[in-house]
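As a plain string of letters, each chain reads:
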Amino acid sequence: MKKINFITILILLILLGIIAIVLFFLVKNNPNVENNSEYGEIALLDDSSLFFTVSLNINKICDYVNNDQSEELYSILDENYLKNNSLTTSNVIEKFYEKYNGTSFSATEIYVVSNDKNYKFFVKGNLKVEIMDEPADIIAEDYFILNYDIEESIFSISPITKDLYLNYIKSKDFEFNNLTKNEYNKVDYVNITDENLAAMYFNDFISILFNDTESAYKKLSDSTKEMYFNTYEDFLKYLEDNLEYLENLKYVKYSVKNSIIHYIDNYDNKYSFIINKIMDYQVVFYKSEDVKDNQEE
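Just so it is clear, the structure is predicted and the values come from calculations on it, not from any experiment.

Enquirer: Which parts of the structure should I look at to understand the overall build of the chain?
Expert: When you go through the chain residue by residue, the secondary structure sums to 14 helices and 9 strands. Burial analysis of the chain (297 residues in total) assigns 40% to the buried set. Sequence separation of 24 or more characterises 57% of the internal contacts of the chain that already satisfy a separation of 6 or more. Of the roughly 17,600 Å² of accessible surface on the chain, 50% is carried by carbon and sulfur atoms.

So, in structure tokens, the structure goes:
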């Protein structure tokens, strides 16, 4: 009996060893097996606080260029990007100055993938020039990778091209490198409030209204188009006829409920922004006279 038990145990140990070896090679040759992280596969980011946190930290590039802070800018850029572009604290401002001087950045779309403590965010957004008391002027679309170590709360940034961005968001394989902590690459987090959201979405629509009228028209609901702007040409004429009024447009009241932001502007017009995904929304619009007529009814 003892001999039989010994042989049985030996066979079991051999089988377990074989299984362990097979699992080791499966994990080694398939990164997705070991990737039990929050975003094991690349996905569109749907966390508002994380979305605007990423956007805020990328905007530091603009801040540091605007304030001629070379050491700070150098310290938040990815090590491989710095090496590949032969950048130092002496030439990094010069590299970024022409494109980023006088600008700010806001994300419009972010994809994310993660592995253990390391996250990669692939970011598309707008570079804007802010003019006091006027709608922001969108001067370019821009693309970045933000690498994030969730345990250390540190990050690094690599500017990328549109083509690389499109390739990355279709990819299945990603490299994750450990980040090096320094004095300036600590993540600043955003706590999104209803007030923040209301301002961001309304300002975004106004900015698009003055910079990309076709996109603004597409954001209008079907009911709004049927009521006021049957064609795109009707919409353009409305903008041309009301340019001065639109330049002074702002909301004076807002409320947020069930992914819908309701506004009343300084001319008593009413809006409802229906949020589909982060920075993807539809606008329902009522002129002030129609709002009053509905209230009287």
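Enquirer: Can you walk me through the nonpolar core in this structure?
Expert: Most often, soluble globular proteins have nonpolar side chains that are buried together. Phe 96, Phe 121, Tyr 201 and Phe 273 are the most contacted members of the largest nonpolar core, which totals 66 residues. In terms of residues, this core owes the most to one element, helix 9 (residues 194-211), which gives 8 residues. Residues contacting Phe 96, with those up to four places away along its chain left out, are Ile 61, Val 65, Leu 73, Leu 77, Tyr 81, Leu 87, Asn 101 and Pro 159. If you look at the next biggest cluster of nonpolar residues, it comprises 9 residues, including Val 113, Phe 122, Ile 145 and Ile 169.

Enquirer: Explain the sheet that holds strand 2 (residues 104-115) here, please?
Expert: For sheets, the rule is that strands pair by backbone hydrogen bonds, running either parallel or antiparallel. Sheet architecture is open: 5 strands sit in the order 1-2-3-4-5, paired in antiparallel fashion. A strand with exactly one partner marks an edge of an open sheet, and here the two such strands are strand 1 (43-44) and strand 5 (154-160). Across 12 bridges, strand 3 (residues 118-129) lies against strand 4 (residues 137-149) in antiparallel orientation. When the bridges of strand 4 are listed, Asn 118 appears paired with Asp 149. In the packing of helix 3 (residues 48-58) onto the sheet, the strands contacted are strand 2, strand 3, strand 4 and strand 5, and the crossing angle to strand 2 comes to about 120°. Packed on one face of the sheet, helix 7 (residues 92-100) meets strand 3, strand 4 and strand 5 and runs near 140° to strand 4.

Calculation rules
- Residues numbered from 1 in each chain as written.
- Predicted model: local features only at pLDDT ≥ 70, side-chain atom pairs only at ≥ 80, totals over all residues.
- Heavy atoms only, no water.
- Helix = DSSP H or I, 4+ residues; strand = E, 2+ residues; numbered from the N terminus.
- Buried < 20%, exposed > 50% of the residue type's maximum accessible area, 1.4 Å probe, protein only.
- Contact = heavy atoms within 4.5 Å.
- Areas by Shrake-Rupley, 256 points an atom, 1.4 Å probe, with all protein chains shown as cover.
- Core = buried A, V, L, I, M, F, W, Y, C linked by side-chain atoms within 4.5 Å.
- Pairing = 2+ DSSP bridges.
- Axes fitted to C-alpha atoms, helices over the stretch in contact; angles between N-to-C directions.

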